[in-house]
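Observations on the three-dimensional arrangement
Residues per chain are reported as follows:
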2 protein chains.
Amino acid sequence: MDELTAESQGNGTLVESVMATIRHRIAARILTPGARLPSIRAFAKTMQVSKSTVVDAYERLAAEGDIRSRPGSGYYAAGPIAPLSLAEIGPRLDRAVDPLWVSRQSLEAGEDVLKPGCGWLPASWMPEAGLRRALRTLARADNVSLTDYGTPLGLPALRHLLSRRMAGHGIEASPDQIVLTESGTQAIDLLCRFLIEPGDPVLVDDPCYFNFHALLRAHRAKVVSVPYTPSGPDIAEFAQALAEHRPRLYITNSALHNPTGAILSPVTAHRLLKLAEQSDLTIIEDDIFADFEHTPAARLAAFDGLNRVIHIGSFSKTLSASIRCGFIAAPRRWVEGLTDLKIATTFGGGRLAAELVLTLLRDGLYRKHMDLLRARLSRAMVDTSARLRAIGITPWIDQPAGMFLWCSLPEGMDAADIARRALSANIVLAPGNAFSLSRSASRFMRFNVAQTGDERIFRVLEEAMARRD
Amino acid sequence: MDELTAESQGNGTLVESVMATIRHRIAARILTPGARLPSIRAFAKTMQVSKSTVVDAYERLAAEGDIRSRPGSGYYAAGPIAPLSLAEIGPRLDRAVDPLWVSRQSLEAGEDVLKPGCGWLPASWMPEAGLRRALRTLARADNVSLTDYGTPLGLPALRHLLSRRMAGHGIEASPDQIVLTESGTQAIDLLCRFLIEPGDPVLVDDPCYFNFHALLRAHRAKVVSVPYTPSGPDIAEFAQALAEHRPRLYITNSALHNPTGAILSPVTAHRLLKLAEQSDLTIIEDDIFADFEHTPAARLAAFDGLNRVIHIGSFSKTLSASIRCGFIAAPRRWVEGLTDLKIATTFGGGRLAAELVLTLLRDGLYRKHMDLLRARLSRAMVDTSARLRAIGITPWIDQPAGMFLWCSLPEGMDAADIARRALSANIVLAPGNAFSLSRSASRFMRFNVAQTGDERIFRVLEEAMARRD
């Protein structure tokens, strides 16, 4: 053993002893680069010193570059390269409820795989004729549009159009407060880089869109979740989480909440904003399902006037996920800094994608497409609800707008279990705990009603239901 | 004054006194959220305690969430939100040599602005006919290509084609080692997130592409630079930097170095890789100018066999900067983790952009376009060199391939000064120090020979030359 007993030494020397011990272990390759150091509690016991002595030693070693601290995860021996592994940040998850695994299964699925668990519409539901026409229109555009970088904020004509569209939802965002991004996900990613640092507490809904978990893990945020009710986050729990964790940021959907399809009520929105103001909380309102709603929901950004709420959107769900284009409407004071960060990390944005989206939105076809899409989704919602109810799977909200139906399974059933079995039949499901930080949704499942047209899906679900007896 | 004199107190109490003082200042809003704390040296003097006492106090306050440490930048009062400001990381720069400012001037430039300092070709030099044809071809593609997310690694057919193209440069990268990204910049950004942590030392060339500085600032890396010679980095200085700073990563261009147009020699490449191996250094080789070279240069990735070298590229410089598509060829052991991070931060990649690039590369036109482009650039290189020499501006390398001519100004001239003056005449120049971490290139300027066709550019330069007498 290389530990030093250091009972009779002064505090400074104790800290140095602990430091020397760790350095020896690194030099002797007992701790290889990237290896995790003993926990503070355990090492204090080993070294027979107080925990605060170990804390001091670790902090000094980190300051001197011998070890690295990963907020929320511990200390690691420094070394040449120990790449970030999302799988290692946070607890190890059952693969079936690992958000990254669910994403990858859906994105990798070939033509023969059914995806009632995925978060997008089938290709045949998208405005194919409009897309083809927009591409032909673009083939005649000026050559600067075809070949040059986008401007720092992104295509001015599209930002003007987005500004007018947001006004329709009561959100006042002038075009120079709008920053185009490569996608909705990239918009949130850029904002996280701008607003938070490793270890910062961030609030999300429980359940919430599963990629929020993966994204926040990549930022090494300390994720805290608040239960979601059919009218928004549980306000009492929200207030408690604010007091307890002092989060800097809350990420949510107001209009059509993913995965539940719930809609934020005006009274909850008002209370939320009051709490946010009291504790100086910033909110990202991800509104990518805006155009699916039947009746306009309360928008936090509308109530707040883009003061502490940042509004984001994209067209991946309504036009095309193949054309990458999203946007951020931000408080004016942050636009300059966000744009600098956008240039540093992506240089020019996707000008061609922005031109395509602009062409499609200007086309009268978009409104007609969305009318048809909403009607088609309503019918699919009715059908899927009825079929699921018939086998004992119960929607949490009765026929929500959009594509998602959040459902509970009968007592004693485990959604992850069913998801694993379904996968062997080439069906990707989305088990509840992939969306739930607290892992309290093991009896829930998210269905995409636009992807449930195939009989095999219900056969697999029926079999799972029958097996529980 | 709220400072406590604490001469007769024990060390533990001293640390606590310093902590209490900072907490009091935060509570009293003397230090507002996001405000920088006094430096350790200054505060030790103020408080009449040792520097290590202040270090201990700051570290504990950071551990308890009252303040935040920003590696390489100091300590800040914690608060709800103190957004990342790239301008505040690192020293304040003269605007004319601030890399972000040069990027923004170029990206924001309207039709009436001349951009001999920018890093891309004029729209009229790009393969316009091919682009229009590719868009019309895509308008007839299957609807999955038009509307669906890309697969996690990106379009398989494009990855196969890139694998064959790299083989032509001696780089063995199988398609499953290739990850498509939104651009070359986004490729490096993704890799930085994967490989480095805040405070990690990273090596770059001096001079190097200026956006590397901005990007690494965004990652809060500790940037260290090594002088670049006409055959690659100065090997003696490189070895010294490795010993002194123990960097984890080196980012460079091998084929056509930006901004100098230099080419890495095989002997330097070999020495570099030997050093990299000895100190377990990872290298990102940014090869986005590959197709401009006249004779094939040594590729680090070819010598190394994608073991510790990561190869990246894009088509922004040769096909279109409006279509965003780049790629990473990485060591096999890192592909899985990189892909997870790509999904978490961008979800599906830009499938449509990848389809467009594939269509363009498959088209026989691409080879013809590049042959013409190289010939046209050679002529522009000869012309621009002659005109610059005539007014006393001397190319560092005689007629390099590609679009960049790195030139020295006569003794006593300041490039930033000329750049500022040129801007008032609507001409964006690229002064040397924007590329130089050590700010040792004040007498250098990068010219893009494809953007120097306008007489006004030489008029402004001549005037600047005349003024020095």
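This one's a predicted model, so the numbers in the text were calculated from it and none came from an experiment.

About the cut-offs
Residues numbered from 1 in each chain as written. Chains lettered and ligands numbered in written order. Predicted model: local features only at pLDDT ≥ 70, side-chain atom pairs only at ≥ 80, totals over all residues. Heavy atoms only, no water. Helix = DSSP H or I, 4+ residues; strand = E, 2+ residues; numbered from the N terminus. Contact = heavy atoms within 4.5 Å. Areas by Shrake-Rupley, 256 points an atom, 1.4 Å probe, with all protein chains shown as cover. Lys, Arg positive; Asp, Glu negative; His and termini not counted. Charge placed at Lys NZ, Arg CZ, Asp CG, Glu CD. Expected span 1.5 Å × (residues − 1). Buried < 20%, exposed > 50% of the residue type's maximum accessible area, 1.4 Å probe, protein only. Pairing = 2+ DSSP bridges. Axes fitted to C-alpha atoms, helices over the stretch in contact; angles between N-to-C directions. Least-squares fit on C-alpha atoms with pLDDT ≥ 70 in both. Salt bridge = Lys/Arg side-chain N within 4 Å of Asp/Glu carboxyl O. pLDDT = per-residue confidence, 0-100. Right-handed = clockwise from strand over helix to strand, strands pointing away. Domains from an automatic or database assignment. Buried area = accessible area lost by both parts, 1.4 Å probe. Disulfide = S-S within 2.5 Å. Polar contact = N/O pair within 3.5 Å; in protein donor to acceptor, adjacent residues only side chain to side chain. 1 Å grid on protein atoms, 1.4 Å probe; cavity = no way out; pocket = protein on both sides within 12 Å on 5 of 7 lines; lining within 4 Å. Points joined across faces, edges and corners; volume = space filled by probe spheres on them. Nonpolar A, V, L, I, M, F, W, Y, C, P; charged D, E, K, R; others polar. Phe/Tyr/Trp six-rings, centres within 6.5 Å; stacked < 30°, edge-to-face > 60°. Parallel < 35°, antiparallel > 145°, perpendicular 65-115°, else oblique. Left-handed = near helix turned anticlockwise from the far one by under 90°. Core = buried A, V, L, I, M, F, W, Y, C linked by side-chain atoms within 4.5 Å.

We now examine the overall build of chain A. On a plain count of helices and strands, chain A comes out with 17 helices and 14 strands. Judged by the C-alpha coordinates and their principal axes, chain A covers about 80 × 65 × 45 Å. For chain A, restricting intrachain contacts to residue pairs at least 6 apart in sequence, the fraction spanning at least 24 positions comes to 73%. Accessible surface, chain A as shown: approximately 17300 Å² in total, 50% of it carbon and sulfur. Of the charged side chains in chain A, 54 are positive and 51 negative, and the gap between their average positions amounts to 3 Å.

Spanning 12 residues, helix α14 (residues 351-362) of chain A covers 16 Å between terminal C-alpha atoms, matching the ideal 16 Å at 1.5 Å per step. Buried residues dominate α14(A), accounting for 10 of its 12 residues.

Moving on, we get to the sheet that holds strand β8 (residues 282-286) of chain B. Residue and element names in this part refer to chain B. Pairing within the open sheet is mixed, and its eight strands lie in the order β3-β10-β9-β8-β7-β4-β5-β6. Two strands bound the open sheet, and with one partner strand each, they are β3 (178-181) and β6 (232-233). Bridge count for strand β4 (residues 201-206) against strand β7 (residues 249-252) is three bridges, and the pairing is parallel. Each residue of the ladder has a partner; that of Val202, found in β7, is Leu249. Against the sheet, helix α7 (residues 156-167) makes contact with β3, β9 (309-314) and β10 (326-329), and its axis sits at roughly 115° relative to β3, the strand it touches most. Against the sheet, helix α8 (residues 184-195) makes contact with β3, β7, β8, β9 and β10, and its axis sits at roughly 155° relative to β9, the strand it touches most.

Let us now look at the relation of the copies chain A and chain B. Overlaying chain A on chain B yields an RMSD of 0.3 Å, the required transformation being a rotation through 180° with an accompanying axial translation of 0.0 Å. Here the transformation between the copies is reduced to the relation of a two-fold axis.

What follows covers the pattern of salt bridges. All names here are of chain B. Under the criterion given, the structure shown has 42 salt bridges over all chains. Among the salt bridges present, the one from Arg165 reaches Asp291, with a minimum N-O distance of 2.7 Å. Of the two residues, Arg165 sits in helix α7 while Asp291 sits in the loop between β8 and α12 (300-304), which places them 126 residues apart along the sequence. Its relative accessible area of 29% is what places Arg165 among the partly exposed residues. By relative accessible area, Asp291 is classed as buried at 16%.

Before going further, it helps to examine the confidence of the model for chain A. Interpreting fine coordinate detail is not advised for predicted regions of low pLDDT. Summary statistics for chain A give a mean pLDDT of 89 and a share of 92% for residues scoring 70 or more. Note that pLDDT drops below 50 for residues 1-10 of chain A; the model gives that stretch 17 contacts with residues more than four away or on any other chain.

All names here are of chain A. With six bridges joining them, strand β4 (residues 201-206) and strand β5 (residues 222-229) adopt parallel strand pairing. Residue Val204 lies in a different strand from β5, and its bridge partner there is Ser225. Where the polypeptide runs from β4 across helix α9 (residues 210-218) and back to β5, its parallel neighbour, the crossover connection is right-handed.

The domains assigned to chain A are domain 1 (11-77), domain 2 (95-124 + 367-467) and domain 3 (128-363). Relative placement of domain 1 of chain A and domain 3 of chain A: their C-alpha centres are 41 Å apart.

Moving on to the interface of chain A and chain B. Of the residues lining the interface, 91 residues belong to chain A; the matching set on chain B comes to 91 residues. Buried surface at the junction of chain A and chain B, summed over both partners, amounts to about 7900 Å²; 56% is from carbon and sulfur atoms. The interface formed by chain A and chain B includes eight salt bridges. As a salt-bridge pair, A:Arg104 and B:Asp340 come within 3.0 Å of each other at their nearest N and O atoms. A per-element tally of the side of chain A that touches chain B places helix α13 (residues 332-346) of chain A first, with nine residues.

Moving on to the state of the cysteines. Working definition: the covalent bond between the sulfur atoms of two cysteines is a disulfide. Enumeration over the complete set of coordinates arrives at zero disulfides over all chains. Not part of a disulfide, A:Cys208 finds its nearest cysteine sulfur in A:Cys192, a span of 12 Å.

This paragraph deals with the side chain of B:Arg324. Within the secondary structure, B:Arg324 sits in the loop between β9 and β10. For the buried B:Arg324, which has no salt bridge, the nearest side chain bearing the opposite charge is A:Glu182, at an N-O separation of 4.7 Å. Polar contacts involving the side chain of B:Arg324 include one to the side chain of B:Ser316, which spans 3.2 Å. At 3.2 Å, the side chain of B:Arg324 and the backbone oxygen of B:Ala321 are in polar contact.

Approximately 690 Å³ is the volume attributed to the second largest pocket. Around the second largest pocket, the lining is made up of 41 residues, and of these A:Val144, A:Asp148, B:Ala109, B:Glu111 and B:Lys115 lie nearest the centre. Where the lining of the second largest pocket is concerned, the elements lending two or more residues are β3 (178-181), α13 and α14 of chain A together with α4 (99-108) of chain B. For the lining of the second largest pocket, the per-class residue count stands at 17 nonpolar, 14 polar and 10 charged.

This next bit is on the sheet that holds strand β8 (residues 282-286) of chain A. Residue and element names in this part refer to chain A. Strand order in the open sheet formed by eight strands is β3-β10-β9-β8-β7-β4-β5-β6, and the pairing between neighbours is mixed. Whereas interior strands pair on both sides, the edge strands pair on one side only; in this sheet they are β3 and β6 (232-233). Bridge count between β8 and strand β9 (residues 309-314): four bridges; the pairing is parallel. Residue Ile283 lies in a different strand from β9, and its bridge partner there is Val309. Seen against the sheet, helix α10 (residues 235-245) touches β4, β5, β6 and β7 (249-252) and runs at an angle of roughly 165° to β5.

All names here are of chain A. Summed over the entire model, instances satisfying the criterion amount to 30 aromatic pairs over all chains. Seen from their ring centres, Phe315 and Phe327 are 6.1 Å apart, and the 40° between their planes marks the pair as tilted. Placement of Phe315 in the loop between β9 and β10 (326-329) and of Phe327 in strand β10 is noted, with a sequence separation of 12 residues between them. Neither Phe315 nor Phe327 differs from the other in exposure class; each is buried.

Our next topic: the packing of helix α15 (residues 365-390) of chain A against helix α17 (residues 455-467) of chain A. All names here are of chain A. For the pair α15 and α17, the least separation of the axes is 10 Å and the interaxial angle reads 25°. In terms of axis orientation, α15 runs roughly parallel to α17. Crossing of α15 against α17: the hand is right-handed. Contacts from Thr384, Arg387 and Leu388 in α15 reach Glu455, Phe458, Leu461 and Glu462 in α17. Of the residues that constitute the contact of α15 with α17, the class distribution is three nonpolar, one polar and three charged.

With omega at 15°, the peptide bond leading from A:Asn258 into A:Pro259 counts as cis. With respect to the helices and strands, A:Pro259 occurs in the loop between β7 and α11 (266-278). One non-glycine residue, A:Asp280, lies in positive phi territory at about 50°. Assignment of secondary structure puts A:Asp280 in the loop between α11 and β8. With a relative accessible area of 36%, A:Asp280 lands in the partly exposed category. Positive phi, close to 50°, is recorded for B:Leu306, a residue that is not glycine. Here B:Leu306 lies in the loop between α12 and β9.

Moving on: the nonpolar core. Within soluble globular proteins, side chains that are nonpolar tend to cluster in buried spots. If you look at the biggest cluster of nonpolar residues, it comprises 187 residues, and the most contacted ones within it are A:Leu158, A:Leu461, B:Leu158 and B:Leu461. When neighbours within four sequence positions are excluded, B:Leu461 is seen to be in contact with B:Leu388, B:Ile391, B:Ile393, B:Ile418, B:Leu429 and B:Phe447.

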